Amino acid sequence: VEEVRLILEQVEGNREHLRDSFLLSLLYESGARINEVLSLRLNDFKPTSSGEVDVHFYGKGSKHRITPLSSRLMKKYDEYVSKYHTEKDPEALVFYTSHNGRKNKMSSDNVSRILKDCEASIRETHPDIIHLHSHLFRRSRAMHLYQAGVPLPTVSEWLGHSNIETTRFYAKVTDEM
């Protein structure tokens, strides 16, 4: 958890720190695949009757799953949307790049570039840091949930795995650690 926090601290000086912080936080907290996050639209964030917010992901094979978000992450979401989505179009992609005044879906290469910069910054003080990539957030979240006592079938459902054997990999790695 401390290493995830260290990664998130690295984007604070970025020109797009609000976007980058929300993006990386969402990757970790949701445990979603990079393409699931980059395919999100504003209307995929839905308030619940209890005042919380769920995000609706459409994963591999168009499988649908719902993931609750913390109030801390929703605060980042609100700040992000107020700056980057002033038109409030519910069909707009949450994460986009602008080219010649046109908004396009952000690519995973953009995310890789953000993580490459984070990694370079961290290496100055932590030379043994592992290579950072977007799937690392998914794996870390799965392992942290399992270490916190969340049952493996629940972790599997959280990640949208169709086969629990896929999730057992995270449990095995965690147990070995």
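Attention in this report is confined to the structure presented alongside it. Quick caveat, the model's predicted, so the values are computed rather than measured.

1. Regarding the packing of helix H1 (residues 2-10) against helix H2 (residues 17-30)
The interhelical angle for the contact between H1 and H2, taken along N-to-C directions, is 160 degrees, at an axis separation of 9 Å. When the axes of H1 and H2 are compared, the pair comes out roughly antiparallel. The hand of the H1/H2 crossing is right-handed. For the pair formed by H1 and H2, the contact residues are Val4, Ile7 and Leu8 on the first element and Ser21, Leu24, Ser25 and Tyr28 on the second. Partitioning the contact of H1 with H2 into residue classes produces five nonpolar, two polar and no charged.

2. Some words on the packing of aromatic side chains
Considering all chains together, one arrives at seven aromatic pairs under this definition. With centroids separated by 5.7 Å and ring planes inclined at 55 degrees, the aromatic side chains of Phe22 and Tyr77 adopt a geometry described as tilted. Of the two residues, Phe22 sits in helix H2 while Tyr77 sits in helix H4 (residues 71-84), which places them 55 residues apart along the sequence. Of the two residues examined, Phe22 and Tyr77, each falls in the buried class. Relative to Tyr84, the ring of Tyr80 has its centre 4.7 Å away and its plane inclined at 25 degrees; by these criteria the two rings are stacked. In this pair, Tyr80 and Tyr84 are both assigned in helix H4, four residues apart and thus about one turn of the helix distant.

3. Description of the layout of surface pockets
Taken as a whole, the largest pocket holds about 510 Å³ of empty space. Of all elements in the fold, only H1, helix H6 (134-147) and helix H8 (164-176) reach the threshold of two or more residues within the lining of the largest pocket. For the lining of the largest pocket, the residue count by class is 13 nonpolar, four polar and four charged. A volume near 330 Å³ is recorded for the second largest pocket. Per-class residue counts for the lining of the second largest pocket are five nonpolar, four polar and six charged.

4. Comments concerning the sheet that holds strand S1 (residues 45-47)
Strand order in the open sheet formed by three strands is S1-S2-S3, with antiparallel pairing between adjacent strands. What marks the edges here is a single partner per strand, and that holds for S1 and strand S3 (64-69). On average, each strand axis in the sheet is inclined to that of its neighbour by 30 degrees, with strand direction left out of account. Here S1 pairs with strand S2 (residues 53-58) via three bridges, running antiparallel.

5. Let's talk about the nonpolar core
Looking at soluble globular proteins, one finds that nonpolar side chains tend to be buried together. Counting 43 residues, the largest nonpolar core has Phe22, Leu24, Leu26, Phe45 and Phe95 as the members making the most contacts within it. Among the secondary structure elements, those contributing two or more residues to this core are H1, H2, helix H3 (34-38), S2, H4, helix H5 (108-123) and H6. Looking at this core element by element, the count peaks at seven residues for H2. When near neighbours in sequence (up to four residues on either side) are disregarded, Phe22 contacts Phe45, Leu73, Lys76, Tyr77, Tyr80, Val94 and Phe95.

What counts, and at which threshold
Residues numbered from 1 in each chain as written. Predicted model: local features only at pLDDT ≥ 70, side-chain atom pairs only at ≥ 80, totals over all residues. Heavy atoms only, no water. Axes fitted to C-alpha atoms, helices over the stretch in contact; angles between N-to-C directions. Helix = DSSP H or I, 4+ residues; strand = E, 2+ residues; numbered from the N terminus. Parallel < 35°, antiparallel > 145°, perpendicular 65-115°, else oblique. Left-handed = near helix turned anticlockwise from the far one by under 90°. Contact = heavy atoms within 4.5 Å. Nonpolar A, V, L, I, M, F, W, Y, C, P; charged D, E, K, R; others polar. Phe/Tyr/Trp six-rings, centres within 6.5 Å; stacked < 30°, edge-to-face > 60°. Buried < 20%, exposed > 50% of the residue type's maximum accessible area, 1.4 Å probe, protein only. 1 Å grid on protein atoms, 1.4 Å probe; cavity = no way out; pocket = protein on both sides within 12 Å on 5 of 7 lines; lining within 4 Å. Points joined across faces, edges and corners; volume = space filled by probe spheres on them. Pairing = 2+ DSSP bridges. Core = buried A, V, L, I, M, F, W, Y, C linked by side-chain atoms within 4.5 Å.

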